[in-house]
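Structural overview for review
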Amino acid sequence: VQLQASGGGLVQAGGSLRLSCAASGSIFSLNAIGWYRQVPGKERELVATINVGGSTNYADSVKGRFTISRDNAKTTVYLQMSRLKPEDTAVYYCNAGTTIWTQGRYWGRGTQVTVSS
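First, a word on scope: everything that follows refers to the structure included in this document. Residue numbers here run from 1 along each chain, matching the order of that chain's written sequence. With pLDDT at 70 or above as the cut-off, local features in this predicted model cover only qualifying residues; side-chain atom pairs require 80 or more to be listed or tallied, and sums for whole chains, interfaces and linings still use all residues. Excluded from the side-chain calculations are hydrogens and water; all other atoms, namely the structure's heavy atoms, are used.

For this text, the term disulfide refers to a pair of cysteine sulfurs within 2.5 Å. Taken as a whole and assessed by the stated rule, the structure comprises one disulfide. Sulfur-sulfur distance for the disulfide between Cys21 and Cys94 comes to 1.8 Å. Of note, the bridge from Cys21 to Cys94 carries an S-S torsion of about -80° and is left-handed in sense. Here the residue Cys21 occupies a position in strand β3 (residues 17–23), and Cys94 occupies one in strand β9 (residues 90–97), the gap between them amounting to 73 residues. Working definition: with a 1.4 Å probe on protein chains only, accessible area under 20% of the residue-type maximum means buried, over 50% means exposed, and in between means partly exposed. Judged by its relative accessible area of 0%, Cys21 is buried. Numbering of helices and strands runs from the N terminus, with a helix taken as a DSSP run of H or I at least four residues long and a strand as a DSSP run of E at least two residues long.

Moving on, we get to the nonpolar core. Nonpolar cores were defined as sets of buried Ala, Val, Leu, Ile, Met, Phe, Trp, Tyr and Cys residues, with membership established by side-chain atoms within 4.5 Å. Counting 28 residues, the largest nonpolar core has Trp35, Leu79, Met81 and Tyr92 as the members making the most contacts within it. Of all elements in the fold, only β1 (3–6), β3, β4 (32–38), β5 (45–50), β7 (66–71), β8 (76–81), β9 and β11 (111–116) reach the threshold of two or more residues within this core. Leu79 has contacts with Leu17, Arg18, Leu19, Trp35, Val47, Ala48, Phe66, Thr67, Ile68 and Tyr92, leaving out every residue within four places of it along the chain. Whether two residues are in contact is decided by their heavy atoms: any pair within 4.5 Å suffices.

Looking now at the sheet that holds β8. By the convention used here, strands pair only if DSSP detects at least 2 bridges between them. Ordered by their spatial adjacency, four strands build an open sheet running β1-β3-β8-β7, and the pairing between neighbours is antiparallel. Edge strands, defined here as strands with exactly one partner in the open sheet, are β1 and β7. Across the sheet, the axes of successive neighbouring strands diverge by a mean angle of 15°, strand direction being ignored. For β7 and β8, the ladder comprises six bridges, and the chain directions are antiparallel. Its bridge partner being in β8, Ser69 is matched across the sheet by Tyr78. Axes, fitted as lines to C-alpha atoms, cover a helix only where it is in contact. Angles between the N-to-C directions of the axes lie from 0 to 180 degrees.

Further remarks concern the pattern of salt bridges. Definition used for salt bridges: Asp or Glu carboxyl oxygen within 4 Å of a side-chain nitrogen of Lys or Arg. Tallying each qualifying case throughout the model produces four salt bridges. Its salt-bridge partner being Arg37, residue Asp88 comes within 3.0 Å of it at the nearest N-O pair. Of the two residues, Asp88 sits in the loop between β8 and β9 while Arg37 sits in strand β4, which places them 51 residues apart along the sequence. The buried category is assigned to Asp88, whose relative accessible area is 1%. Between Asp60 and Lys63 there is a salt bridge, with the nearest N and O atoms lying 3.1 Å from each other.

For β9, the buried fraction is high: seven of the eight residues fall into the buried class. Both β4 and β9 contribute to a ladder of seven bridges, which runs antiparallel. Following the sheet pairing, Arg37 is matched in β9 by Tyr92. Pairing geometry for β9 and β11, over three bridges, is antiparallel. Counterpart to Tyr92 in the pairing with β11 is Thr111. Note: β9 against strand β10 (residues 106–107), two bridges, orientation antiparallel. If you follow Asn95 over to β10, its bridge partner there is Trp107.

In short, geometric facts, not functional conclusions.
In C-alpha cells form, the structure reads like this:
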C-alpha cells in the first residue's frame, strides 16, 4: 500500500497548483482517495475526496476553487487548486479509505503548499 504525493510548492495568492497522488493498484480500485491538509497546531482537515464511481466530497472552504479528479489508467488522483489564498497554506496529505466521508487508514507523505500574500 503506497500513496505518493507530489506537486506542492510556493505560489502567490490567486495562483494555481496541481497536486498528484499516485496510488498502488489495489488501493486505487477499491477505495476512495482524497486530500487532507494540516497546519501546525490544528487538526488535519478534509480538502476533497473522490471514490471509484466519481462521487466527490469537498470542504466548503475550497468549493468552486479546487477540483479533484482521478485517472484510472494511471491510478492517480489529482487536485487542481485555483484562486489560492494564504489560508490554503498547509501540508497536504493524500489519503485512501473506504468512503469519501471519513478519513481512510492509508496515508501518503505530505507535500507543502505555501501561498504568499
